[in-house]
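# Fold and contact review
Here is how the chains run, residue by residue.
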Amino acid sequence: MKLYDTYTSSIREFKPIDGNNVKVYVCGMTVQDSPHAGHLRTFTSFDILRRYLEYKGYKVSFVQNFTDIDDKIINKSKELGIDWRKIAYKYEQEYIQYAKLMNFKEPDFYPKATLHIQEIIEIIQSLINKGFAYVSNGNVWFDVSKFESYGKLSKKTIEELISGYRIEPDSSKKNPYDFALWKAYKENEPYWYAPFGRGRPGWHIECSAMVITHLGETVDIHGGAEDLIFPHHENEIAQSETYTNKKFSNFWIHTGFLNIKGEKMSKSTGIFLSAKDLLENYEPNVVRLFYIKAHYRTPLDFSEELLNDAKNSWNRVKNFLLEYSQDGKILTDILYKFEEAMDDNLNTPKAISVIFDAINLAYKNREIAIDVSWTIRFLLSILGFDINFQRTSNRLNEIMDIIIEIRHELRKNAQFELSDRIRTRLKDMGIVLEDTKEGTKWKVL
Ligand SMILES: [Zn+2]
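The following paragraphs examine the structure supplied in this document. (Residues numbered from 1 in each chain as written. Predicted model: local features only at pLDDT ≥ 70, side-chain atom pairs only at ≥ 80, totals over all residues. Heavy atoms only, no water.)

## Points about the overall build of the chain
- Regarding its fold elements, the chain presents 15 helices and 15 strands.
- In terms of overall dimensions, the chain has a C-alpha envelope of 95 × 50 × 35 Å along the principal axes.
- Expressed as a percentage of its 445 residues, the buried residues of the chain come to 51%.
- Sequence-distant contacts in the chain: of pairs separated by 6 or more residues, those separated by 24 or more amount to 76%.
- When the accessible surface of the chain is totalled, it reaches about 21500 Å², and 50% of it is carbon and sulfur. (Helix = DSSP H or I, 4+ residues; strand = E, 2+ residues; numbered from the N terminus. Buried < 20%, exposed > 50% of the residue type's maximum accessible area, 1.4 Å probe, protein only. Contact = heavy atoms within 4.5 Å. Areas by Shrake-Rupley, 256 points an atom, 1.4 Å probe, with all protein chains shown as cover.)

Here's what the structure looks like:
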């Protein structure tokens, strides 16, 4: 299996560091607001990565954090006059609800930054002791000039960094590009006590502490949306590798944006579609299909047209599976084509086309339809689709048997008006009855 690694800018063969165990850390939500469709795209990509790794037989430890202390959360708390903890908790719970709705496999752990303050303080103290961080006006800054390979993930040079900081440099920093590990206490803001002064952690150090606490000093995969490459992940590498003297992550995986009319979906620009609006109009399977019809690294432009395409495609799959709902066997040629696509840096657009080609083939050659259907159900479950409607359909089979039997009795007793009423009412629901020589058959339109 090959994956694209941002750090080496290459597609590399994926091998776990430790036998069969794969440690994955994904940067989660800053819980200051409700999730939008862009967030759901990112986490769908990582859900599929995790599920596919598990399908390949790896034992995956999957950790996704909540950033529950942040300027935006504090500002919102001041604005609304509500305790910042209540705001963070509300949006955490909201995210978890959407994650369940989207059928994201639950992470092994959802750590929160504020529950790791002691670990954060310990790392910062060690960075100060090593001479890589300095205290200034109650803030603790990471001295970027000390970390030789700084910029390696984002491919930025120190010169580029300097020119990138046109804004007035913070007077307490040695260099404008030094970043905050600890922010000095400000009045009416949450704070914790530390040997270097009371205050609160910077965003980047929180993730380093959570990774090291829950997964250890080196992970197999660290990921997030591509806007986290710089500065967030670049800074995580600098501080973590200085602290541990070890490589922080073997692979860096970043997902492309969901755009609206070419612009990145974002709360700060006001250009976004909320998860609520999206999922009120489209079922989660359709949303998942819409996302993965594009490769996870490419930008995807949101459009009603593409979502409706996904809806039609999903109905086609669903109808096929309902029509051929019996148990069959796995057709390995389809499975191998699917694996070939997924092994190639999770090429989901190709994997999806394998599924649709198989359906087309089955409609032409009905003898294989049951086995194709069985195989597709298996592939869809690897991709995280919720195919529980299959179970419902078994109940539907039983219910339809009863209805057909009663209708048959009615017709035998010349109660045609009632039997026709059953037929009409079912047709309104999209279920068509066909009276054939072999008896009455039914199908879902
Ligand atoms: Zn992070």
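## Quick word on the packing of helix H1 (residues 37–55) against helix H13 (residues 369–382)
- Running from amino to carboxyl end, H1 crosses H13 at an angle of 120°, the nearest separation of the two axes being 9 Å. On the basis of their axis angle, the class for H1 and H13 is oblique. Taking contact as the criterion, the partners of Arg 51, Tyr 52 and Tyr 55 in H1 are, on H13, Phe 378, Ser 381 and Ile 382.
- A class-by-class count of the residues in the contact of H1 with H13 yields four nonpolar, one polar and one charged. (Axes fitted to C-alpha atoms, helices over the stretch in contact; angles between N-to-C directions. Parallel < 35°, antiparallel > 145°, perpendicular 65-115°, else oblique. Nonpolar A, V, L, I, M, F, W, Y, C, P; charged D, E, K, R; others polar.)

## Points about the packing of aromatic side chains
- Across all of its chains, the model carries 21 aromatic pairs by this definition.
- An angle of 70° between the planes, with centres 5.4 Å apart, marks the rings of Phe 43 and Tyr 95 as edge-to-face. One end of the pair, Phe 43, is in helix H1; the other, Tyr 95, is in helix H3 (residues 84–101), with 52 residues separating them in the sequence. Here Phe 43 and Tyr 95 have matching classes, each one buried.
- With centroids separated by 5.4 Å and ring planes inclined at 50°, the aromatic side chains of Phe 320 and Tyr 324 adopt a geometry described as tilted. A single burial state applies to Phe 320 and to Tyr 324, both of which are buried.
- In this structure an aromatic cluster arises from ring pairing among Phe 43, Phe 66, Tyr 95 and Tyr 110.
- When the ring centre of Tyr 185 is taken as origin, the NZ or CZ atom of Arg 198, which lies over that ring, is 3.9 Å away. (Phe/Tyr/Trp six-rings, centres within 6.5 Å; stacked < 30°, edge-to-face > 60°. Lys NZ or Arg CZ within 6 Å of the ring centre and 35° of its normal.)

## Points about the side chain of Asp 143
- Secondary-structure assignment places Asp 143 in the loop between strand E6 (139–142) and helix H5 (158–164).
- Apart from the residues lying within four places of it in its own chain, the contact partners of Asp 143 are Phe 132, Ala 133, Tyr 134, Lys 174, Asn 175 and Asp 178.

## Considerations on unusual backbone geometry
- Cis peptide bonds are those with omega within 30 degrees of zero, and the linkage from Phe 230 to Pro 231 qualifies with 0°.
- By secondary structure assignment, the location of Pro 231 is in helix H7 (residues 229–244).
- A positive phi is found at Lys 155, a non-glycine position, where the angle reads about 60°.
- The class for Lys 155 is partly exposed, based on a relative accessible area of 43%.
- In this structure, Lys 261 takes a positive phi of about 50° despite not being glycine.
- Relative to the assigned elements, Lys 261 resides in the loop between strand E11 (258–260) and strand E12 (263–264).

## Let's talk about the sheet that holds strand E8 (residues 199–201)
- Taken together, the four strands give an open sheet; going across it, the order is E5-E6-E7-E8, and neighbouring strands pair in antiparallel fashion. One side of each edge strand has no neighbouring strand; the edge strands of this open sheet are strand E5 (133–136) and E8. With direction set aside, neighbouring strand axes in the sheet form an average angle of 20°.
- Pairing of E5 with E6 involves four bridges; the strand directions are antiparallel. Residue pairing across strands places Ser 136 opposite Asn 139, the latter belonging to E6.
- The strands touched by helix H4 (residues 117–129) within the sheet are E5, E6, strand E7 (179–184) and E8, with E7 carrying the most contacts at an inclination of about 120°. (Pairing = 2+ DSSP bridges.)

## Some remarks on the nonpolar core
- By size, the foremost hydrophobic cluster in this structure holds 125 residues, and its most contacted members are Leu 53, Leu 278, Tyr 291 and Ile 376.
- There are two domains that each give this core at least three residues, and those are domain 1 (2–255) and domain 2 (275–382).
- Excluding its chain neighbours within four sequence positions, the residues that come into contact with Tyr 291 are Ala 37, Leu 40, Arg 41, Thr 44, Met 102, Leu 258, Leu 278 and Leu 300.
- Judged by nonpolar contacts, the second largest core, of five residues, contains Met 400, Ile 404, Leu 426 and Ile 431. (Core = buried A, V, L, I, M, F, W, Y, C linked by side-chain atoms within 4.5 Å. Domains from an automatic or database assignment.)

## Observations concerning the pairing of E6
- Judged by which residues are buried, E6 turns out to be covered on both faces: Asn 139 and Trp 141 on one side and Val 140 and Phe 142 on the other are all buried.
- In this structure, the hairpin formed by E5 and E6 is closed by a connection of two residues, where Asn 137 is found at a positive phi of approximately 55°.
- For E6 and E7, the ladder comprises three bridges, and the chain directions are antiparallel. Residue pairing in the sheet places Val 140 in a bridge with Trp 182 of E7.

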